[in-house]
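Overview (structure and organization)
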Amino acid sequence: MTSNDPGHINNLSRAQANALKQSWVALIEDIGKETSLSGEHIADSVFGDELFRAICYDNPDVLILRWLRSRKWNVDASVNQIIETLKWRHDWGVQELVANGERAISQEEIATGKTYFMGHDKIGRPVCCIHPKEHVKGKFSSEYSEKLSVLCVETYRKLLQPPIESVTIIFDMAGCERKNMDMHQIKFLVTLLDNYYPDSLGMILVLNFPWIFDKSWLLIKSWLNPTVQQKVRFIHSEAELTEFIDPSVLPKRLYGTQPDFKYIPPSAEDEAIFNIFRADTKGKAIAEAAHRDAVRYYLRVTLQWANGNESRNVLVERKKARKQLKNAFEQLSPYISTRTHYHRAGVIKEPIFQIAYERLLHEKEESSVTFF
């Protein structure tokens with residue numbers, strides 16, 4: 001789906017726009033009840049921080065609309081699930097995972113190529129390739145495998161380019177045996193996408209499905225909500241796959257012309273960038289304060305808009321606040337996230353890491369100069 005489709009940010013009916021406003025008001029009030037803070041001051045709370053870390057570079061309205069669409073525009077249900085998501089993110093440790101990236105999981109597991117992103121479909125959605133054959137139940141701990149799933153979802157968001165808002169998943173079942181069918185991990189992924197990253201899926205293409213797994217599929221299907229079920233397509237031939245994705249962007253193992261996935265581990269420069277930012281506690285504190293200021297500004301203007309002030313001045317201020325929020329998050333990003341395989345492969349363009357790294361190196365050199 002794109003931002004121009006019905007029910008998305010650039011194509012809202014009056015009722016849908018009102019639901020978005022009501023969601024903002026209710027969400028801010030509910031976070032206030034959880035934290036004993038109110039209005040823009042929820043920026044200083046754990047849940048306020050989790051919300052805007054989850055938003056990342058996105059337009060905040062886009063994130064709220066994901067829950068509204070997935071909960072059929074029921075404001076109460078949407079806001080309740082957002083609150084549950086913020087609690088889950090905090091309790092599960094999503095911020096810590098994102099901050100450490102691939103260092104927090106088994107790089108050997110990443111290198112299996114069981115899951116990776118490569119290319120885009122014909123609509124422009126990033127393609128996530130999953131090969132269950134490369135997953136052997138019990139080879140890696142469930143904790144690491146779950147972290148890999150969460151990190152993949154967090155990473156794909158940086159692959160989205162407006163107006164695209166969703167991803168296409170290819171499940172390649174070729175060579176899959178009983179030992180590869182890990183129902184615990186499948187259930188975790190389904191729960192993850194439905195509850196905590198809603199409306200992220202554009203399409204699910206299932207290739208080379210061995211019908212001996214019919215009963216397994218019936219169980220998995222029962223876990224999927226009806227909307228997601230409608231997005232599943234069983235692909236029976238190479239030609240059928242090319243209707244959705246051009247072979248020029250797919251790996252050879254999926255009938256494409258690109259080399260098969262090969263993990264690029266962190267380089268010496270990656271480690272240097274990671275370490276210098278983790279050591280710069282003063283810089284991180286300044287970036288966090290600037291981001292909180294931007295969050296307060298955004299919330300203040302958003303509350304005016306959500307409570308019925310649609311004057312040109314408020315609309316302009318809200319647009320300005322959104323830009324300030326994005327810029328502040330960009331400056332904070334090197335302190336709270338890290339480069340990944342996709343940065344090293346040139347797929348994700350996030351120049352702030354290199355720009356800020358070189359600035360810190362320059363500052364260190366200047367501070368080490370002794371004048372006589």
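Reading guide: rules and limits
- Every chain begins its residue count from 1, and numbering advances along the sequence as written.
- Since the coordinates come from a predicted model, pLDDT governs what is reported: local features require at least 70, and pairs of side-chain atoms require 80 or more to be given and counted, while whole-chain, interface and lining totals use all residues.
- Hydrogens and water molecules were not included; the side-chain quantities draw on all heavy atoms of the structure.
- What makes a salt bridge here is a side-chain nitrogen of Lys or Arg within 4 Å of a carboxyl oxygen of Asp or Glu, nothing more.
- In this text, helices come from DSSP runs of H or I with a minimum length of four residues, and strands from runs of E with a minimum of two, each type numbered from the N-terminal end.
- Buried means the residue's accessible area, taken with a 1.4 Å probe over protein chains only, is under 20% of the maximum for its type, while exposed means over 50%, and partly exposed covers the values in between.
- Think of a polar contact as two N or O atoms within 3.5 Å of one another; within protein, one of them needs to be a possible hydrogen donor and the other a possible acceptor, and neighboring residues in sequence only count if both atoms come from side chains.
- Whether two residues are in contact is decided by their heavy atoms: any pair within 4.5 Å suffices.
- UniProt positions are given in the numbering used here, feature names are shortened, and annotations may be inferred rather than shown by experiment.
- The span one expects for a helix is its residue count, reduced by one, times 1.5 Å.
- Domain delimitation in this document rests on an assignment produced automatically or drawn from a domain database.
- Take the accessible area each of two parts loses on contact, using a 1.4 Å probe, and add the two losses: that sum is the buried area.
- Only Asp, Glu, Lys and Arg are considered charged, only Ala, Val, Leu, Ile, Met, Phe, Trp, Tyr, Cys and Pro nonpolar, and every remaining residue, Gly among them, polar.

Attention now goes to the pattern of salt bridges. Pairs can form between side chains of opposite charge whenever their charged atoms are close. Tallied over the entire structure, the rule returns 29 salt bridges. We note a salt bridge from Arg 69 to Glu 165, for which the minimum N-O separation is 3.6 Å. Separated by 96 residues along the polypeptide, Arg 69 in helix 3 (residues 60-70) and Glu 165 in the loop between helix 7 (142-156) and strand 3 (167-172) bring together distant segments of the chain. Here Arg 69 and Glu 165 have matching classes, each one buried. Salt-bridge contacts for Arg 69 lead to Asp 199; the nearest nitrogen and oxygen are separated by 2.6 Å.

In this section: the environment of Gly 283. Mapped onto the fold, Gly 283 is located in helix 13 (residues 281-306). We classify Gly 283 as buried; its relative accessible area is 13%. Counting along the chain gives 62 residues from Gly 283 to Lys 221, while the straight-line C-alpha distance between them is 48 Å.

Time to look at the side chain of Asp 121. Within the fold, Asp 121 resides in the loop between strand 1 (115-120) and strand 2 (126-130). Residue Asp 121 is classed as buried on the basis of its relative accessible area, which comes to 6%. One polar contact links the side chain of Asp 121 to the main-chain amide nitrogen of Ile 123, over a distance of 2.9 Å. Contacts of Asp 121, omitting those with residues within four sequence positions, involve Val 127, Thr 168, Met 203, Phe 244 and Ile 245.

Residues given the UniProt feature "domain: CRAL-TRIO" (unreviewed entry) here are residues 105-262. Helix makes up 34% of residues 105-262 and strand 18%, and the two end C-alpha atoms of the span are 17 Å apart.

For the rest of this paragraph, the subject is helix 12 (residues 268-279). Counted at 1.5 Å a residue, the expected span for helix 12 with its twelve residues is 16 Å, and the 16 Å between its end C-alpha atoms agrees. Here helix 12 has its buried residues at Asp 270, Ile 273, Phe 274, Ile 276 and Phe 277.

For the rest of this paragraph, the subject is the domain arrangement of the protein chain. Interfaces are often sized by the amount of accessible area the parts lose when they come together. The domains assigned to the protein chain are domain 1 (1-92), domain 2 (104-254) and domain 3 (266-371). With centres defined by C-alpha atoms, the gap from domain 2 to domain 3 works out at 31 Å. Across the contact, six residues belong to domain 2 and eight residues belong to domain 3. Buried surface at the junction of domain 2 and domain 3, summed over both partners, amounts to about 580 Å²; 67% is from carbon and sulfur atoms. At the junction of domain 2 and domain 3, the tally comes to one salt bridge. We note a salt bridge from Lys 158 to Glu 350, for which the minimum N-O separation is 3.0 Å. Per-class residue counts for the side of domain 2 that touches domain 3 are three nonpolar, two polar and one charged.

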